[in-house]
Amino acid sequence: MARSTLYQLVASELRRTIYSGALGPGDQLPTEAELMLTHQVSRNTVRLALGELVNEGLVTRTPRRGTVVRERRPLLIHPQRELQPQPEETREAFAWAVSQEGREPSQEIEVSIVQPVEEIASRLELPDEELAVVRRRLRFVDGQPYNTNDSYFPLALVAGSEIARPGDIMRGANRVLEELGHPQVRVVDDIWARMPTSSEAERLQLQSGTPVVVYVRVGYDETDTAVRVAVSVLPADKHLIRYELESR
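About the thresholds
Residues numbered from 1 in each chain as written. Predicted model: local features only at pLDDT ≥ 70, side-chain atom pairs only at ≥ 80, totals over all residues. Heavy atoms only, no water. Salt bridge = Lys/Arg side-chain N within 4 Å of Asp/Glu carboxyl O. Buried < 20%, exposed > 50% of the residue type's maximum accessible area, 1.4 Å probe, protein only. Helix = DSSP H or I, 4+ residues; strand = E, 2+ residues; numbered from the N terminus. Polar contact = N/O pair within 3.5 Å; in protein donor to acceptor, adjacent residues only side chain to side chain. Contact = heavy atoms within 4.5 Å. Phe/Tyr/Trp six-rings, centres within 6.5 Å; stacked < 30°, edge-to-face > 60°. Lys NZ or Arg CZ within 6 Å of the ring centre and 35° of its normal.

**Student:** Break down the pattern of salt bridges for me, citing the residues and quoting the values.
**Tutor:** One pass over the full model with this rule turns up 16 salt bridges. For Glu-101, the salt bridge identified is with Arg-103, shortest N-O distance 3.6 Å. We classify Glu-101 as partly exposed; its relative accessible area is 29%. Note on Arg-103: relative accessible area 7%, which makes it buried. A salt bridge links Arg-217 to Asp-189; the shortest N-O distance between them is 2.7 Å. One end of the pair, Arg-217, is in strand 8 (residues 212–220); the other, Asp-189, is in strand 7 (residues 186–194), and 28 residues separate them in sequence. Since its relative accessible area comes to 4%, Arg-217 is described here as buried. In this structure, a network of salt bridges that share partners links the residues Glu-32, Arg-43 and Arg-47.

What follows is the structure, given as structure tokens:
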């Protein structure tokens, strides 16, 4: 049997034990020697199988304990709910979603005025050299970095508001836009996957081989004017994006 088929079979068996719950978060996988004996394969085949699981984000290698199962609690995201008001809710959408799962949200925020790159400027439909306010956020769940979110707003639209000032906006920037007379009534989402940049991998503390999902949302007000572009970088092993569609 081909070596590639052998290592895939070993990886498949280990993957099955993880997804079934037979091996849970923090549990140690059998040693390389044990796997060689159990599956009657070479050490190189075992290492290829384990490398595949590392790349999928299912396991991690530690100096003292060997290969262990990673904690996998993906954050469930419902993009279609972001603009829906939550009863008696005063927190922004991310914090609310995380708290609904019984987990603790937090974030680091940087606010600046920039001349956005062409991709952002075109989505905001800004004239040449027009400035934007960007709120860059590194978001945490239970103290672990989970994703980044950079939200851009036309400076002319939000100058002097909380959006243009440093610090958290507990009720969320979407609510501030409503108060400024620009509620978002339509959004357009673009989603794609890629490998992270070195700075993203460092900032999000990503395991080697972990891909990210780039999620770009453009929000439009009642005059169909673009008022916000939000760019999120989501580690693929920590997020589940769920859309719910109804036929009317």
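So much for the structure itself; the text now carries on.
**Student:** I'd like to hear about the side chain of Arg-217, residue by residue, with values.
**Tutor:** Only 3.1 Å separates the side chain of Arg-217 from the side chain of Tyr-215, close enough to count as a polar contact. Not counting residues within four places of it along the chain, the set of residues in contact with Arg-217 comprises Pro-79, Gln-80, Glu-82, Val-187, Val-188, Asp-189, Arg-228, Val-229 and Ala-230.

**Student:** Give me the packing of aromatic side chains: which residues, what numbers.
**Tutor:** By the definition in use, this model includes 0 aromatic pairs. Its guanidinium or amino end placed over the ring of Tyr-220, Arg-186 lies 4.2 Å from that ring's centre, counting from NZ or CZ.

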